[in-house]
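Okay, here's what each chain looks like letter by letter:
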Amino acid sequence: MGDEVEKTLMQYCDSIEDCLSWQESTWVPLQRRLEDNGFRWEKFLAEQPAVVGSDGELARIHLAVNDALLPILDSRFKKLRLLQT
């Protein structure tokens with residue numbers, strides 16, 4: 001990394017800050033929009049299987065969104081599109 005490690009590592013500050021604020025800036029607004037549209041997130045998540053591990057809750061949310069929620073939303077989108085034609 002060179003003699004001046006701090007200068008080298010400064011290039012990562014913005015990316016690290018984005019990652020640390022992701023939940024509040026990205027996830028929470030999305031979750032609120034889902035709930036405002038009648039989606040019961042807490043019930044949905046409670047129905048998902050537990051994931052064991054130090055990052056189990058994050059992995060559980062990842063699997064819930066990718067494997068269960070996205071197909072539901074895609075299906076509803078396709079249905080609405082068909083009803084509009």
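> I tried to follow the overall build of the chain on my own but got confused; where do I start?
When helices and strands are tallied, the chain shows four helices and zero strands. Moving toward the C terminus, one meets the helices and strands of the chain in the order α-α-α-α. Scaling as 2.2 N^0.38, a compact globule of 85 residues should have a C-alpha radius of gyration of about 12 Å, whereas the chain reaches 19 Å, well beyond that. With respect to the three principal axes, the spread of C-alpha positions in the chain is 65 × 35 × 20 Å. Counting only residues that meet the buried cut, the chain has 18% of its 85 residues in that class. For the chain, the share of sequence-separated contacts (at least 6 apart) that also reach a separation of at least 24 residues comes to 28%.

> Sorry, what's going on with the environment of Glu6 here?
Here Glu6 shows up in helix α1 (residues 5–9). As for Glu6 and Asp36, which are separated by 30 residues in sequence, their C-alpha atoms are 44 Å apart.

> Explanation requested: the nonpolar core in the structure shown.
One recurring pattern in soluble globular proteins: nonpolar side chains tend to sit buried together. If you look at the biggest cluster of nonpolar residues, it comprises ten residues: Trp27, Leu34, Phe39, Trp41, Phe44, Leu45, Ala64, Val65, Ala68 and Leu69. Elements that contribute at least two residues to this core include exactly α2 (13–36), α3 (41–46) and α4 (56–84). Here this core takes four residues from α4, the largest share from any one element. For Ala68, the residues in contact, after removing those within four places along its chain, are Phe44, Gln48 and Leu63.

> What am I meant to see in the side chain of Arg60 here?
With respect to the helices and strands, the residue Arg60 is situated in helix α4. A relative accessible area of 16% means that Arg60 is categorised as buried. Separated by 2.9 Å, the side chain of Arg60 and the backbone oxygen of Gln48 make a polar contact. Ignoring anything within four residues of it in the chain, the contact list for Arg60 reads Leu45, Ala46, Gln48, Pro49, Ala50 and Val51.

> What's the story with α2 in this structure? I'm lost.
Residue pairs spaced three or four apart in an α-helix point in one direction, given the helix's 3.6 residues per turn. When the terminal C-alpha atoms of α2 are compared, their 34 Å separation across 24 residues agrees well with the 34 Å that a helix rising 1.5 Å per residue should span. Bending of α2 peaks at approximately 65° at the position of Ser21. Of all the positions in α2, only Trp27, Val28, Gln31 and Leu34 are classed as buried. On its buried face, α2 is in contact with α3 and α4. Just past α2, the residue Gly38 takes up positive phi, approximately 95°.

So, how was this worked out
Residues numbered from 1 in each chain as written. Predicted model: local features only at pLDDT ≥ 70, side-chain atom pairs only at ≥ 80, totals over all residues. Heavy atoms only, no water. Helix = DSSP H or I, 4+ residues; strand = E, 2+ residues; numbered from the N terminus. Rg over C-alpha atoms; globule rule 2.2 N^0.38 Å. Buried < 20%, exposed > 50% of the residue type's maximum accessible area, 1.4 Å probe, protein only. Contact = heavy atoms within 4.5 Å. Core = buried A, V, L, I, M, F, W, Y, C linked by side-chain atoms within 4.5 Å. Polar contact = N/O pair within 3.5 Å; in protein donor to acceptor, adjacent residues only side chain to side chain. Expected span 1.5 Å × (residues − 1). Bend = angle between axes of the 7 residues up to and from the residue.

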